[in-house]
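Overview (structure and organization)
Spelled out from the first residue to the last, the chains are:
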Amino acid sequence: MPPFDDWNTLGDDLDEELEDSSEYFQGRDVLLFCLDASQSMMEPRGSEDSDKPKSHLQAVLEVAVLLQKRKVVTSPNDLVGIMFFNTEERSETKKGAEIKKHCFVYQPISQINAENIQQLASILHEVQQEPEKLEELYPPNRGPRVPMGDVFTSCNWVLRDGAPKTGVKRIFLVTNEDDPHPSMPQYIKTAQTTFDDLSASGVIVTPFFVQKGERHFDRSKFWDHVLPRQDTDEENDAERMPDVITELNSLVQEMKIREIAKRSLFSIPMHLAEGFTIGVKGYGLVTQQSKPTYKYFTNERTMEEAKSKVIYYDAEYQKEYDKNQLLFGMTLGSMGPDGGEVEEEEPSSKSTGVKNRVFFSADEVKSFRTLDLQPGLKLLGFKDKTELAFEDNIKHSVFIYPDEMAYSGSIRTFSALLKSMLAKEKIGLVLGITRRNSAPTFYALMPQAEKLDDDGIQLDPPGFHLQPLPFADDIRAAGVERAYRAGEKLKDAARTWIDRLTMKKGAYEPDSYPNPALSLFWGQLEAKAFQEEYDVDSFSDLSAPRYDPIHKRAGELMAKWKGALNEDEAADHVIVSAGTKRKADVPVDDAEIRSKWEGGSLSKLKNDQLKDFLRSKNLPLSGKKADLLERVEGWLQGH
């Protein structure tokens, strides 16, 4: 396809709905705390229960420690920095740096690490004992306040110098001064200019305004001229300004679930017709999360990691072989009594069958799997969406999005195809290979329209779901036997308590229920990393049923249903089925499985043993024994 032609000329609103693609092109997040260290921020907060009330600056720094601790677990690849302004402390700036006077970079932008967090926590522990310690370490500026234009310029330099290529950059600006430069309108202009420079580079500034005692924080004096207003800010003006520390603590509490990097699963061409190709990227919507794989270390003090190495060794000839020299032997055929090959015999009418094993090279095996096709998607045609059966959903779908960097005009063409298929209520039939070593698969191309909530926030992005379709070999008949059916009276009794316990929204919100096993693991890991005692009482399993409210809402109805169940004659009937003797399970560990694989005797393992191994690696368990062996071999080859 030509890189640019008349068909991909931009100029209308066709691709507006695909314009905001930031959600699918994110890197590591960068967060810079920009904290006002003036004298008023050093003063103790209002009435507190503690004998030694904290200052606003101390409280914000404690939140910064908690946030970084949480990010160690939720998003360890993020970068965090801390900068003070309105302080006499000076940064050691290198040549060409633009850190302005009275701005001090306490913690340069760097990846989350325990050393920085513990250092700040140690300082705060000293400040807790001696509140005046914070003012001694970072004395506030006694002269005129630093211009906010200089503050934004310093922030811009810190972000550019520490993380120039990251995805999302944020600044948490905390101050209690609603008019930092009274009677100086020129400072408003410079602040506007430098703030616009920050915004142009993709930096998001989130202000947290602190009230001075009972005095109302009036942002109209200065900040409304510099920072854009949010809808919620107008509501806050009518009421008392919310407590900043409470807001920040709420933000930390929301960081409960470990964030997984949103990266594309594949980036491949999509062929719509002969000579007509666009680029697409695929993103997994659902991925089962598990604890990280443990590593082995030879020495606790030096933290030397033990590296694993696979050697292919011929015991008979005492010789090592490179992996590329190996052949893949099929289970077809027979071996001699001593393990050697059976000598070939002259074919006769009485002798049929294969006497020797069949061997293939690695390239031949790959050719069988991929049919010599290259990664990509090929649109075969369209069908009515009603022809897609429920049972065709055998695997999770992949969400695809246009890749403008691969083929110019991909967004425009992708958008036009999406709108047309939505209007005509069609789905596409696609043949594709997403990876070089994967097998060809037929997919249903299902369009998805953009969905917004009442506030205009995007809930579902526009795009296509790539749904794998089953082959004839994948379809199995369900072994369902007809059982005794409940009577209408029993059904009605069940409906009453089911309706009473039905969720109001009618849907399960997975974002509200983190995996309890992983939450407990990450909490203990966080405490271990910082040499702290883990508070077991702080852990709560949100997925545990709330039995008391359940019994309060539907207890009596469930008791009536149970009485009706006991009175139903059909409930006393038992379907008799022939029992099967369960074989004793003989577990095998990873080392034994690898040994059998290297010795060519992996097929001697039972299906249950293979499934146990696959289950421990979070791999699919479906299919025949040959499918299980292929998955086990694939994992062993890659590890």
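Residues numbered from 1 in each chain as written. Predicted model: local features only at pLDDT ≥ 70, side-chain atom pairs only at ≥ 80, totals over all residues. Heavy atoms only, no water.

1. Details of the overall build of the chain
Within the chain, the secondary structure is distributed over 16 helices and 20 strands. Residues classed as buried in the chain amount to 33% of the 639 residues present. (Helix = DSSP H or I, 4+ residues; strand = E, 2+ residues; numbered from the N terminus. Buried < 20%, exposed > 50% of the residue type's maximum accessible area, 1.4 Å probe, protein only.)

2. Focus on helix α6 (residues 185–200)
Counted at 1.5 Å a residue, the expected span for α6 with its 16 residues is 22 Å, and the 23 Å between its end C-alpha atoms agrees. If you follow the buried residues of α6, they end up packed against α5 (148–162), β4 (168–175) and β5 (203–209). Just downstream of α6 lies glycine 202, where phi reads positive at about 90 degrees. (Expected span 1.5 Å × (residues − 1). Contact = heavy atoms within 4.5 Å.)

3. Some details on the packing of helix α15 (residues 607–616) against helix α16 (residues 625–638)
At a minimum axis separation of 10 Å, α15 and α16 run at an interaxial angle of 40 degrees. With respect to α16, the axis of α15 lies oblique. In the crossing of α15 with α16, the sense of the turn from one axis to the other is left-handed. Here Asn607, Leu610, Lys611, Phe613 and Leu614 of α15 lie close against α16, whose contacting residues are Lys625, Leu628, Leu629, Arg631, Val632, Trp635 and Leu636. (Axes fitted to C-alpha atoms, helices over the stretch in contact; angles between N-to-C directions. Parallel < 35°, antiparallel > 145°, perpendicular 65-115°, else oblique. Left-handed = near helix turned anticlockwise from the far one by under 90°.)

4. Examining the packing of α5 against α6
As a packed pair, α5 and α6 sit with axes 7 Å apart at the nearest point and diverge in direction by 20 degrees. Taken together, the axes of α5 and α6 lie roughly parallel to each other. Note that α5 runs across α6; the crossing there is left-handed. Side by side, α5 and α6 meet where Met148, Gly149, Phe152, Thr153 and Asn156 of the first sit next to Thr190, Ala191, Thr194, Phe195, Asp197 and Leu198 of the second. Of the residues in the contact of α5 with α6, the class split is five nonpolar, five polar and one charged. (Nonpolar A, V, L, I, M, F, W, Y, C, P; charged D, E, K, R; others polar.)

5. A look at the pattern of salt bridges
For the structure on display, the rule yields eleven salt bridges. Among the salt bridges present, the one from arginine 142 reaches glutamate 135, with a minimum N-O distance of 3.1 Å. Judged by relative accessible area, which is 59%, arginine 142 ranks as exposed. A salt bridge links lysine 491 to glutamate 488; the shortest N-O distance between them is 3.7 Å. One end of the pair is lysine 491 and the other is glutamate 488, both in helix α11 (residues 488–501) and three residues apart, which spans about a single turn. Owing to a relative accessible area of 34%, lysine 491 belongs among the partly exposed residues under this scheme. (Salt bridge = Lys/Arg side-chain N within 4 Å of Asp/Glu carboxyl O.)

6. Focus: helix α10 (residues 410–424)
For α10, spanning 15 residues, the distance from its first C-alpha to its last is 21 Å, which sits close to the expected 21 Å at 1.5 Å a residue. Taken together, the buried positions of α10 are occupied by Ser410, Arg412, Thr413, Phe414, Ser415, Leu417, Leu418 and Met421. One or two steps after α10, the chain reaches glutamate 425, where phi turns positive at roughly 55 degrees.

7. Quick word on a negative patch on the surface
Taken together, the side chains of Glu126, Glu130, Glu132 and Glu136 make up a negatively charged region of the molecular surface. On the accessibility criterion, glutamate 126 (36% relative accessible area) is partly exposed. (Patch = residues over 30% accessible without salt bridge, like charges linked within 9 Å, V, L, I, M, F, W, Y side chains within 5 Å. Areas by Shrake-Rupley, 256 points an atom, 1.4 Å probe, with all protein chains shown as cover. Lys, Arg positive; Asp, Glu negative; His and termini not counted. Charge placed at Lys NZ, Arg CZ, Asp CG, Glu CD.)

8. With respect to the confidence of the model for the chain
Mean pLDDT over the chain: 78, with 78% of residues reaching 70 or higher. Across residues 1–26 the pLDDT falls below 50, and counting only partners more than four positions away or on other chains, this stretch makes 56 contacts in the model. This model gives residues 231–242 a pLDDT under 50, and the stretch forms 13 contacts once residues within four places in sequence are excluded. (pLDDT = per-residue confidence, 0-100.)

9. Focus on the sheet that holds strand β16 (residues 426–433)
Spatially, β6-β7-β15-β20-β17-β16-β14 is the arrangement adopted by the seven strands of the closed barrel, whose pairing is mixed. Across the sheet, the axes of successive neighbouring strands diverge by a mean angle of 40 degrees, strand direction being ignored. As judged from the six bridges shared by strand β17 (residues 441–448) and strand β20 (residues 463–468), these two strands associate in the antiparallel manner. Counterpart to leucine 445 in the pairing with β20 is leucine 466. (Pairing = 2+ DSSP bridges.)

10. Let's talk about the pairing of strand β6 (residues 266–273)
Taken residue by residue, a regular strand's side chains alternate between the two faces of the sheet. Where β6 and strand β7 (residues 276–284) come together, seven bridges link them in antiparallel fashion. Each bridged residue has a counterpart across the sheet, and for alanine 273 the counterpart in β7 is phenylalanine 276. Here β6 pairs with strand β14 (residues 376–384) via two bridges, running parallel. The partner of methionine 270 across the bridge, within β14, is leucine 377.

11. Description of the sheet that holds β5
If you walk across this open sheet you meet the five strands as β3-β2-β1-β4-β5, and the pairing is mixed. Two strands in the sheet have a free side with no partner beyond their single neighbour: β3 (103–111) and β5. Strand-to-strand twist of the sheet, defined as the mean angle between neighbouring strand axes without regard to direction, takes the value 15 degrees. Packed on one face of the sheet, helix α3 (residues 114–129) meets β2 (79–85) and β3 and runs near 145 degrees to β3.

12. Details of the packing of aromatic side chains
What characterises a pair of aromatic rings is the spacing of the ring centres plus the angle enclosed by the ring planes. Taken as a whole and judged by the stated rule, the model has 17 aromatic pairs. Between phenylalanine 33 and phenylalanine 172 the ring centres are 5.7 Å apart and the planes differ by 90 degrees, which places this aromatic pair in the edge-to-face class. Separated by 139 residues along the polypeptide, phenylalanine 33 in strand β1 (residues 29–36) and phenylalanine 172 in strand β4 bring together distant segments of the chain. With a relative accessible area of 1%, phenylalanine 33 lands in the buried category. (Phe/Tyr/Trp six-rings, centres within 6.5 Å; stacked < 30°, edge-to-face > 60°.)

13. Considerations on a nonpolar patch on the surface
Taken together, the side chains of Met503, Tyr508, Tyr513 and Leu542 define a hydrophobic patch exposed on the protein surface, amounting to about 400 Å² of accessible area. The exposure class of leucine 542 is partly exposed, given its relative accessible area of 37%.

14. Some remarks on the pairing of strand β15 (residues 398–402)
Within β15, five of the five residues are buried, leaving the element largely enclosed by the surrounding structure. Neither face of β15 is left uncovered, since the one carrying Val398, Ile400 and Pro402 and the one carrying Phe399 and Tyr401 both have all their residues buried. Bridging between β7 and β15 involves five bridges; their strand directions are antiparallel. The residue bridging tyrosine 283 from the neighbouring strand is phenylalanine 399, located in β15.

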